[in-house]
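# Secondary and tertiary structure notes
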Amino acid sequence: MTNIAATRRGVPYAIAAASILAVVVLPFVSSSYVIDVATTIITFAVLGLGLNIVVGYAGLLDLGYAAFFAIGAYTTALLETLGHQPFWVTLPFSILFAAISGIIIGYPTLRLRSDYLAIVTLGFGEITRIVATNLGITGGPNGIYGIASPTFFGHALASPRAVYELGLGFLAVVLVFTSRLTRTRLGRAWISIREDETAAEAIGIPTLKVKMLAYVMGAVVGGFGGSFFAARFGAIDPTSFTYLQSVTILIIVVLGGMGSTPGVMLGAAIVAGLPEALRFLQLWREFVFAIGLVVLMLVRPQGMWPAPLRRRVTLPPLAAEDESLVPIAVEPGTSDVLLEVDGLSRNFGGVRAVNGVRFGIRRGEILSIIGPNGAGKTTVFNCLTGVIRPTSGRISWLGSSIVGLAPHRVVGLGLSRTFQGVRLFANMTVYENVLVGMEPRYRTSIPAAVLGLHAASEEDRRHLLSCRRLLRFVGLEERAGERAGDLPYGDQRRLEIARALASEPRLLLLDEPAAGMNPTEKRDLMGLIRRIRDGGITVVLIEHDMMLVMGVSDRIIVMDHGEVIAEGTPAEVQRNDRVIDAYLGDDEQETDGELRQEELSAWDS
Amino acid sequence: MSTFFQLVIEGLTIGSFYSLVALGYTMVYGIIRLINFAHGDLFMVGAFIGWTVLTTLAATHVPWGLGLLAALVIAMLLTAVLGVAIEKVAYEPLLRSSRLSILITALGVSLALENGVLLIYGPGFNTYPHLLTQAGFSIGGVEINDAQIGMMLLSFLLMLGLYIFVHHTFVGTAMRALAVDQDAARLMGIDVENVIRLTFLLGALLAAAAGVMEGVYYTQINFFMGFLLGLRAFTAAVLGGIGNIPGAMAGGLLIGLLEAFGAGYISSRWTDVFVFAVLIIVLAVKPTGLFGERVVERM
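Residues numbered from 1 in each chain as written. Chains lettered and ligands numbered in written order. Predicted model: local features only at pLDDT ≥ 70, side-chain atom pairs only at ≥ 80, totals over all residues.

### Observations concerning the overall build of chain B
Rules: Strands are runs of DSSP state E lasting at least two residues, helices are runs of H or I lasting at least four, and both sets are numbered from the N terminus onward. Our radius of gyration is a C-alpha quantity, and the globule rule it is checked against amounts to 2.2 Å times the number of residues to the power 0.38. A residue is called partly exposed when the number of other C-beta atoms within 10 Å of its own lies between 12 and 20, exposed at 12 or fewer, and buried at 20 or more, with C-beta atoms placed from the backbone. Whether two residues are in contact depends on their C-beta atoms, placed from the backbone: they are in contact if these lie within 7 Å.
Within chain B, the secondary structure is distributed over 11 helices and four strands. In terms of overall dimensions, chain B is globule-like: its C-alpha atoms have a radius of gyration of 19 Å, near the 19 Å expected for 299 residues. C-alpha atoms of chain B, sized along the principal axes, occupy 55 × 50 × 35 Å. Taken across its 299 residues, chain B has 50% of its residues classed as buried. Taking contacts inside chain B between residues at least 6 apart in sequence as the whole, the part at least 24 apart equals 78%.

In C-alpha cells:
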C-alpha cells in the first residue's frame, strides 16, 4: 500500500534521457537552419508550458496569450534600446510587467464563465497588438530593431548555436519552475477548479485567488519567453504577436495534451517543426498542415501525450491498528451552541424557499433535517455554507456572524459539507481529492513549496499522513491511487465525506448521504456517521431515509414549506401530528413542485 | 448631425452582416457549447462561391438581378452543404470529447478553408462586378443608398425567417430543447445529431448570404476576410449574450455602429480597441452579455 502503482516507471525516464541527449548534441551535428528551427520549437515550448498552466491546469480558455509574450518582448527591446540596459537587467522587468498585466486583465474578468473569459482575453490580446502597432514609442508597424545580443560572462550570444543554448537554458528554467509549481497544492487547486469550480470553492479553495494566480503565473512565463524572443532576433514587430500566434500556442497545449509537460513539448515540436518538414509541399504546405491538425485531433482527442494520473505517491506509514480520526481540539471556554440560525429566509423570485427558520446546532450532536421535497432543506445548507446569500436572517458561528462570507471562508472557519449529487474531482486520484480538501489547513506559503523548503515538505508529509488516516477512516485506503471517477457509487460518497473531513471541520453538513445506497451501505454509513461524531465532529444531515435518520440522530428538525414545523428526539418527532400531516397530507402539492424547480436551478445537480 | 446619421446608416449596413454571421456562432454555441472558429470562414467561402457564379454569368448576358439572385442562392446552398459536411467529419466524432479538442479541430478547419481558398483563388483580391449604382435618396443631407436599404431588408428578412423557424416550428422547438438539455432531448426522441447538423446548416446559410452581400457591397474579397469579420461577429454574439438569438442580432448591429463611429470620430486604426474595450466593460458590468443567456447553466 505504501507505494502505489509504480508501473512502467522506467519508460518516461528513458525517453526523457534520450531527448535531453539529442537536444544537447543537436548543435554539434546540425546545420544552422536546423538549429534555427529547433530554437523556434524551444520558444514555443516555453510559451506552451506557460499557457498550459492557464488552460491545461486551471481550465481557463485564454485566446490572447500572445499579449504577455509581446509585453515581455517589448519590455526587453525598449529597455535595451532606449534605456541602454543589458539583457539580464531587462529580464526581471519583463516578468514584472507581464505579471502586472496578468493582474489587470485577470481581476475584472475572473468572475466570468470560461467562454466569456476567452473573448475577453482575445480582446486584450488584440488591444495589446493594436496599441503596439499605433504607438510611436514601440516603433509602430516597423517595431523595434537593433536590440543587442545578450552577453554571458563577456561572451556575446549571437551565433545560432549560442542562441539555441540560451534558449535551452530558458526552457530548463521554465520546466523546473512549472513542474515544481504544479506539484504544489496550488497545482492541485488549479486542477480542482478545472474539474468542478463550485465544488472546489465549497470545500475551501479560494477559487478567485487561485484563478488569478494561474493567470499571473502563465503571464510570467509568457513575459520570460518574450524577452528571449527579443534577444534572439534583435528586432521585433507587432506581426509576431497576433491572435494567430495565441491560437498557435493554444493548439500546442491541446494537441500535446493538456496539463502534460512532455505533451506540450511534443506539441511544440509538431506545430513548429511540422510546417518546416512539409516545405517540399510548397503552396500546399499550410493546407496539409491544417488537415493534419484536424486528423490528429480526431485520432487523439485527448492529445498526443496526455497527462497521466498522479498515481505514484508514497503515503507515510501509519500504525496498522490506528483507526482514529484526527482528534479535534475542543475550543475551551465557548458555549455549547456551535451555530445559531435566526429568522433565516430566502426567496427565489416570488417563492419563499425558506421562511423565518430558527434553530441551533449543539456541539457533539447528530442532528437531522428532514422534510418533504421542496421543504427548503438544501437551501438552508446553501445559506449556512455561503453558497447563496440569505434574503434576511442571522447565522452565527460561535457567536459571530458568517452571513456574506465566501464559501471557502466558511470552510476555513470549520464548516464543511458534501453535496446532494456526488461532486468529486473525477479526473484526480482518490488521495488527491482528499488533499485538495486540506487547502484551508496549509500554513506554509506557495513560494516555500516551490523552493522545497523544509517547513513546506514537512507540512506536505503531515498532510499525506493525515490523508492516509482519513482514507482508512472511511475505508478507502486501498484505493488511494485510483481515479475518483472510476470508484463505485458508494465509495464515491464515502470519498466525498473524507474530502469534507480533510479541512478538519468542527461541523460536517451531509446532504442526503444515503441517496442511492443499498441497505448494507446505509448501515455502514450509519456507523461512519457515529464514528465521525465520536471523533469530536458535530454532524448535521439532510436525509430522506427514515431508517438512517431515526437510527442515528440525537435530534431531528422537520421542515415543510420553508418553515420548521417540529423539533425534537426521533421518538417525539414520530408522534408529532404536523409531521405526519406534512408527510401524508397532500393539500398543497403543486407549490411543492414549483419550489423544487427553483431550488434545483439554484444548486442541485 | 448629418455625419452622425450617415454613420448610423453605414453602421447598420455592416452591422447586419455581423448579425447574420453572429447568429451562426450563437446557435452553434447554444447547442453544443462550441466556439466554431471555422464559421467566419464559411462566410468567406460563400463570398467566393458568389463571386464565381457572378463572374461566370456576367459573360452570358443574364440580367444582373437574376445573376445576383442565382449567386446568392447557389452560394447559400453550397456553403450549407459544406457546413454540414464539416460538422459531420470534423465535429461529430468529438461531440463527447473534451470541449477544447473540438475547439482545436474548428481552428484546423478554419485554417484549411482559408488555405484551400488561397490555393484555388490565389492570395490577391478578387473583384466583384460593380452591380450597384450609387442611386439612392437623401433625407436632410443624409445619403441613403438603395443598395444599403436592400441589404438591410434582406438581412432582416433572413433573421425574421430564422426567428420564426426556431420559435414556431417543431424542429425549431427541438433545437431549443436541445440547447437546454441534450440528454433529456434525446430521451424525448429527438434525433440529436440531426438537429445539430441542421443548426450548422442554418448558420452556414446565413453566413453565405452575408458573404455574397459583403462582396457586392465592398466589391473586394480575399481569403482572409472571414477571419476578421468572424472575430467581430463572434464578439457581437458574446456582447448580445452568447446562445441568445435576438442578442446576436442586436450585438451585430451594435458592433457595426461602434465600428462606424470608431472609424468616423476616432480613427479606423483604433476601431478594434474601441470595440473590444466596450465588450470588456459590458462583460465586467453584466457578465452574461447585454441580453443574457437563453441557456441556463446547469449546476
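### Some points on the interface of chain B and chain A
Selection rule: Three classes are used: nonpolar for Ala, Val, Leu, Ile, Met, Phe, Trp, Tyr, Cys and Pro, charged for Asp, Glu, Lys and Arg, and polar for all others, with Gly counted as polar.
The interface of chain B with chain A comprises 34 residues on the first partner and 35 residues on the second. Within the residue set of the side of chain B that touches chain A, elements represented by two or more residues are helix 4 (99–121), helix 9 (225–240) and helix 11 (271–285) of chain B. Here the element with the most residues in the side of chain B that touches chain A is helix 4 of chain B; it accounts for 12 residues. Among the residues forming the side of chain B that touches chain A, the class breakdown is 24 nonpolar, eight polar and two charged.

### Describing the sheet that holds strand 6 (residues 351–362) of chain A
Residues and elements named next belong to chain A. The following threshold applies: DSSP-based pairing: two strands are paired if at least 2 bridges between them are found. Only C-alpha atoms enter the line fits that serve as axes; for helices the fit covers just the stretch in contact. Angles between N-to-C directions range over 0 to 180 degrees.
Strand order in the open sheet formed by four strands is 6-5-8-9, and the pairing between neighbours is antiparallel. Each end of this open sheet is capped by a strand with a single partner; those strands are strand 6 and strand 9 (400–401). One ladder, built from five bridges, connects strand 5 (residues 337–348) with strand 8 (residues 392–397); its direction is antiparallel. Residue pairing across strands places leucine 339 opposite tryptophan 397, the latter belonging to strand 8. Contacts from helix 13 (residues 377–384) reach strand 5, strand 6 and strand 8, with the element oriented near 65° to strand 6.

### What to know about the environment of Asn142(A)
Residue and element names in this part refer to chain A. For asparagine 142, the location among the structural elements is in the loop between helix 5 (114–134) and strand 1 (144–145). The exposure class assigned to asparagine 142 is exposed, which follows from the 11 C-beta atoms found within 10 Å. With 204 residues separating them in the primary sequence, asparagine 142 and arginine 346 have C-alpha atoms 60 Å apart.

### Quick look at the sheet that holds strand 7 (residues 366–370) of chain A
Residue and element names in this part refer to chain A. The mixed open sheet is built from six strands, whose spatial order is 10-11-12-7-13-14. Both edges of this open sheet fall to strand 10 (415–417) and strand 14 (563–568), since each of them pairs with a single strand only. Neighbouring strand axes in the sheet, compared pairwise and without regard to direction, differ in orientation by 20° on average. Pairing between strand 13 (residues 555–560) and strand 14: five bridges, direction antiparallel.

### Describing the nonpolar core
The condition that has to hold: The nonpolar core is taken to be a set of buried Ala, Val, Leu, Ile, Met, Phe, Trp, Tyr and Cys residues joined by way of C-beta atoms within 7 Å. An automatic or database domain assignment supplies the residue ranges for each domain.
Ala214(A), Ala498(A) and Ala209(B) are the most contacted members of the largest nonpolar core, which totals 281 residues. Per-element tally for this core: the top contributor is helix 8 (residues 192–218) of chain B, with 15 residues. Inspection of this core shows a minimum of three residues originating in each of domain 1 (37–299) and domain 2 (326–406 + 539–605) of chain A. Sequence-distant contacts of Ala498(A), defined by excluding residues within four places in its chain, comprise Val434(A), Leu470(A), Leu471(A), Phe473(A), Val474(A) and Leu476(A).

### Let's talk about helix 10 (residues 243–256) of chain A
In an α-helix there are 3.6 residues to a turn, and that puts residues three or four apart on one side. This is how it is decided: One less than the number of residues in a helix, times 1.5 Å, gives the span that helix is expected to have.
Its 14 residues give helix 10 of chain A an end-to-end C-alpha distance of 20 Å, which sits within 8% of 20 Å, the value for a rise of 1.5 Å per residue. In terms of burial, helix 10 of chain A is a largely internal element, 11 of the 14 residues being buried. Along helix 10 of chain A, the residues classified as buried are Gln245(A), Ser246(A), Val247(A), Ile249(A), Leu250(A), Ile251(A), Ile252(A), Val253(A), Val254(A), Leu255(A) and Gly256(A). Looking at the buried positions of helix 10 of chain A, the neighbouring elements they touch are helix 2 (32–57), helix 3 (66–81), helix 5, helix 11 (261–277) and helix 12 (285–299) of chain A together with helix 4 of chain B. Of the residues trailing helix 10 of chain A, Gly257(A) is marked for its positive phi of about 135°.

### Regarding the confidence of the model for chain A
We apply this condition: For every residue, the predictor assigns a confidence score, pLDDT, that lies between 0 and 100.
Of all residues in chain A, 91% have pLDDT values of 70 or greater, and the mean over the chain is 87. Across residues 1–7 of chain A the pLDDT falls below 50, and counting only partners more than four positions away or on other chains, this stretch makes 15 contacts in the model.

### A closer look at the packing of helix 15 (residues 430–437) of chain A against helix 18 (residues 489–501) of chain A
Residues and elements named next belong to chain A. Put simply, the test is: Every angle not falling under 35 degrees, over 145, or within 65 to 115 is termed oblique; those three ranges are roughly parallel, roughly antiparallel and roughly perpendicular. Working rule for handedness: look at the near helix, and if it is turned counterclockwise from the far one by less than a right angle, call the crossing left-handed; if clockwise, right-handed.
Across the interface, helix 15 lies against helix 18 with an axial gap of 7 Å and an inter-helix angle of 30°. Considering the angle they form, helix 15 stands roughly parallel to helix 18. Considering how the two elements wind past one another, helix 15 and helix 18 form a crossing that is right-handed. Here Val430, Asn433, Val434 and Gly437 of helix 15 come into contact with helix 18, specifically with Leu495, Ala498, Arg499 and Ala500. Of the residues contributing to the contact of helix 15 with helix 18, the split by class is five nonpolar, two polar and one charged.

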